[in-house]
Amino acid sequence: MKPKILFILVMVALLALGLTGAAWAAAANGQNWMICSNMQQDTGNDWVCDENFENIQQLATNTAQTIISYQDNNGDGKNDTAIVTVEKGFPSYYNSLSLTVKNIGNIPISMSEVVIENLNPENLEIRILESPQGTINPGKRKSIGIEFRVSGAPGEANGSYSFMVYLNQIMPG
Ligand SMILES: [Ca+2]
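Residues numbered from 1 in each chain as written. Predicted model: local features only at pLDDT ≥ 70, side-chain atom pairs only at ≥ 80, totals over all residues.

## Section: the overall build of the protein
Keep this limit in mind: Helical segments are the DSSP runs of H or I of at least four residues, strand segments are the runs of E of at least two, and each set is numbered from the N terminus. Burial is judged by counting the other C-beta atoms within 10 Å of a residue's own C-beta: 20 or more makes it buried, 12 or fewer makes it exposed, and any count in between marks it as partly exposed, with every C-beta position built from the backbone.
Regarding its fold elements, the protein presents one helix and 12 strands. In the protein, the succession of helices and strands from N to C terminus is α-β-β-β-β-β-β-β-β-β-β-β-β. The buried share of the protein, reckoned over its 173 residues, is 21%.

Here it is in structure tokens:
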């Protein structure tokens, strides 16, 4: 066999080994939690509040809505990220939602792992309603409460604003 052909064969074999190793590592490092479901307060007429979530009240009109969708970023068939988007959000619009997260691993998950990534920090005030000391035990579900408000001066144009919620912990299930 010519050295060049042998070299190519060895490289192909090494590449195949590398790919198998990568696939195995991905399976072994599957996430140990998943996002199952959600509920939200705005199911029709809008809610509003003042700054710092004071004076929450419902309007008699329906302008804005909140869309909650999920992503499976590591492709393991389990949703790991929720994307929350307010459409036609106007200053003072308020909504409260809960995401149900299930621990599918074998160790407790700390609520301090929950991450909220605000994609429009100039237009969204967000707060999580759970204590970071809480935990989700293996096999159990827990609702994560989150509320948010569209900030800005009254009369400012309606906009589309988003944030993402995920857990900062991916480890063997
Ligand atoms: Ca609405």
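## Some thoughts on the nonpolar core
Note the cut-off: A set of buried Ala, Val, Leu, Ile, Met, Phe, Trp, Tyr and Cys residues, joined to one another through C-beta atoms within 7 Å, is what we call a nonpolar core. Remark: residues whose backbone-derived C-beta atoms lie within 7 Å of one another are considered to be in contact.
Core analysis: the biggest nonpolar cluster contains 24 residues, and Leu99, Val101 and Val165 have the highest contact counts within it. Sorting elements by how many residues they give to this core places strand β6 (residues 93-103) first, with five residues. Leave out the neighbours within four places in its chain, and Val165 touches Ala82, Val84, Leu99, Val114, Ile116 and Ile146.

## So, the sheet that holds strand β12 (residues 159-167)
In plain terms, the rule: Paired strands, in this sense, are two strands between which DSSP finds at least two bridges. For helices, the fitted axis covers only the stretch in contact; all axes are lines through C-alpha atoms, and the angles between them, taken along N-to-C directions, range from 0 to 180 degrees.
Here four strands make up an open sheet; going across it, the order is β4-β5-β12-β8 and the pairing antiparallel. Two strands bound the open sheet, and with one partner strand each, they are β4 (65-71) and β8 (114-118). Going from strand to strand, the sheet's axes swing by 20 degrees on average, the running direction of each strand aside.

## Observations concerning the environment of Lys142
You can see Lys142 is positioned in strand β11 (residues 141-150). It is 9.4 Å that separates the C-alpha atoms of Lys142 and Ser98, two residues lying 44 residues apart in sequence. Filtering out sequence-adjacent residues up to four positions away, Lys142 remains in contact with Val101 and Ile136.

## Here we look at the pairing of strand β5 (residues 81-89)
Taken together, the seven bridges between β4 and β5 define a ladder with antiparallel strand orientation. Across the sheet, residue Tyr70 finds its bridge partner in β5, namely Ala82. Bridging between β5 and β12 involves seven bridges; their strand directions are antiparallel. Its bridge partner lying in β12, Gly89 is registered against Gly159.

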